[in-house]
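Close look at the chain arrangement
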Amino acid sequence: MNIYVSNLSFIVRDEDLREFFVEYGEVSSARVIMDKATGRSRGFGFVEMPDDEAARKAIKELDGGTVDGRAIKVTEARPREEKSNNRSYANKW
């Protein structure tokens, strides 16, 4: 299951994120999303856990928890929406 974690402190790194979840089960990956322009954390990340039951338990127990003085939000990640570059322009001719 893919898990979305938001409201992370800007000092949290991938390894820290993994540690939050590893006590609930195997973590396939943990990634804090970084801003490409500044190289700083964007304050959210994703954790992949192969065991859905363990992932649901982690979500339930970690959602609303405090990390570095911030209440984190933990939910099941939604599928990424496809961005469309097709814009509708009114024909003015």
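Our structure's up above, just so we're on the same page.
Here is what the cut-offs are and how they apply
- Residues numbered from 1 in each chain as written.
- Predicted model: local features only at pLDDT ≥ 70, side-chain atom pairs only at ≥ 80, totals over all residues.
- Heavy atoms only, no water.
- Helix = DSSP H or I, 4+ residues; strand = E, 2+ residues; numbered from the N terminus.
- Buried < 20%, exposed > 50% of the residue type's maximum accessible area, 1.4 Å probe, protein only.
- Contact = heavy atoms within 4.5 Å.
- Core = buried A, V, L, I, M, F, W, Y, C linked by side-chain atoms within 4.5 Å.
- Pairing = 2+ DSSP bridges.
- Axes fitted to C-alpha atoms, helices over the stretch in contact; angles between N-to-C directions.

**Looking at the overall build of the chain**
Across its full length, the chain holds two helices and six strands. Starting at the N terminus and ending at the C terminus, the chain contains elements arranged as β-α-β-β-α-β-β-β. With 93 residues in all, the chain has 32% of them scored as buried. Sequence separation of 24 or more characterises 58% of the internal contacts of the chain that already satisfy a separation of 6 or more.

**A closer look at the nonpolar core**
Counting 22 residues, the largest nonpolar core has Ile3, Val5, Leu17, Phe21, Val47 and Met49 as its most contacted members. For this core, the secondary structure elements donating two or more residues are strand S1 (2-6), helix H1 (14-22), strand S2 (29-34) and helix H2 (52-62). Not counting residues up to four positions away in its chain, the partners in contact with valine 47 are Met1, Asn2, Ile3, Val5, Leu17, Phe21, Val27, Ser29 and Ala30.

**Description of the sheet that holds strand S3 (residues 41-48)**
Across the sheet, which stays open at both edges, the four strands sit in the order S2-S3-S1-S6 with antiparallel pairing between neighbours. Each edge of the open sheet carries a strand with a single partner, namely S2 and strand S6 (73-76). Averaged over neighbouring strand pairs, the angle between their axes works out to 20 degrees when direction is ignored. Strand direction decides the pairing type here: S1 and S6, joined by four bridges, are antiparallel. By the bridge assignment, tyrosine 4 is partnered in S6 with threonine 75. H1 rests against S1, S2, S3 and S6 of the sheet, and its axis sits at about 135 degrees to S2.

**Considerations on unusual backbone geometry**
A positive phi angle is found at asparagine 7, which is not glycine, with a value near 65 degrees. Within the fold, asparagine 7 resides in the loop between S1 and H1. A relative accessible area of 33% places asparagine 7 in the partly exposed class. Phi at aspartate 68 is positive, roughly 50 degrees, even though this residue is not glycine.

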